[in-house]
Amino acid sequence: MSASDTDQAITFKDAMAGFPSGVTVVTTVDENGKWWGFTASSFCSLSVDPPLILVCLSVNAECHPVFEAADRWVVHVIHSDQVDVALRFATRGADKFAGDVFELDHRDLPRMQGAAVTLDCTAHARHEGGDHTILVGKVDQCYRGDNPPTVYTERAFHTLTRI
């Protein structure tokens, strides 16, 4: 990569850091029942009919092979009291499921208690997206919690207030 390309990559990352996004923790299990998960801010709704969402996962993530094969996963939109969980899930090698924040749900998947929004997804499609895989999930169930979601922008977490 040339110096110009490096400068452009830095400028691009800085520009994207200024775009506010929700923060999600995505979880699943492998064929042996081991829990896996990651943090993603590259997440959005895709379609209402059928209800589809997309979330992007780095191809270098330790959990990438598991999510490439997973038929089901859970997307949790975090709120301000769950920032520590999102940071843990963004850290390679961390004990992501430490503590008692997660429990098995009705589909035997790890579910975070008290998320702002919880989406039970079934794999719909996967697409190559540069250094990420775009996971498209069909939303089978949607749950809304009592707390507002946390937003990530300018490399920091923020709580929204209504005006």
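Structural data are supplied above this passage.
Residues numbered from 1 in each chain as written. Predicted model: local features only at pLDDT ≥ 70, side-chain atom pairs only at ≥ 80, totals over all residues. Heavy atoms only, no water.

A. Broad picture of the side chain of T27. Relative to the elements of secondary structure, T27 occurs in strand β2 (residues 24-29). Judged by its relative accessible area of 0%, T27 falls in the buried class. There is a polar contact of 2.6 Å between the side chain of T27 and the backbone oxygen of P110. Excluding anything up to four places from it in sequence, T27 contacts W36, G37, F67, W73, V74, H76, F89, F97, F102 and P110. (Helix = DSSP H or I, 4+ residues; strand = E, 2+ residues; numbered from the N terminus. Buried < 20%, exposed > 50% of the residue type's maximum accessible area, 1.4 Å probe, protein only. Polar contact = N/O pair within 3.5 Å; in protein donor to acceptor, adjacent residues only side chain to side chain. Contact = heavy atoms within 4.5 Å.)

B. Spotlight on the pairing of strand β6 (residues 72-77). Of all six residues in β6, five are buried; the element is thus mostly enclosed. Pairing of β2 with β6, which is carried by four bridges, proceeds in the antiparallel orientation. Its bridge partner lying in β6, V26 is registered against V75. Bridge count between β6 and strand β9 (residues 117-129): six bridges; the pairing is antiparallel. The residue bridging V74 from the neighbouring strand is D120, located in β9. (Pairing = 2+ DSSP bridges.)

C. Examining the pairing of strand β5 (residues 52-58) more closely. In terms of burial, β5 is a largely internal element, six of the seven residues being buried. Two strands pair when backbone bridges link them, and strand β4 (residues 43-47) and β5 are joined in this way by four bridges, in the antiparallel orientation. Along β5, the bridge assignment pairs S47 with L52. Hairpin connection of β4 to β5: four residues between the antiparallel strands. Two strands pair when backbone bridges link them, and β5 and strand β10 (residues 132-144) are joined in this way by seven bridges, in the antiparallel orientation. Each residue of the ladder has a partner; that of S58, found in β10, is H132.

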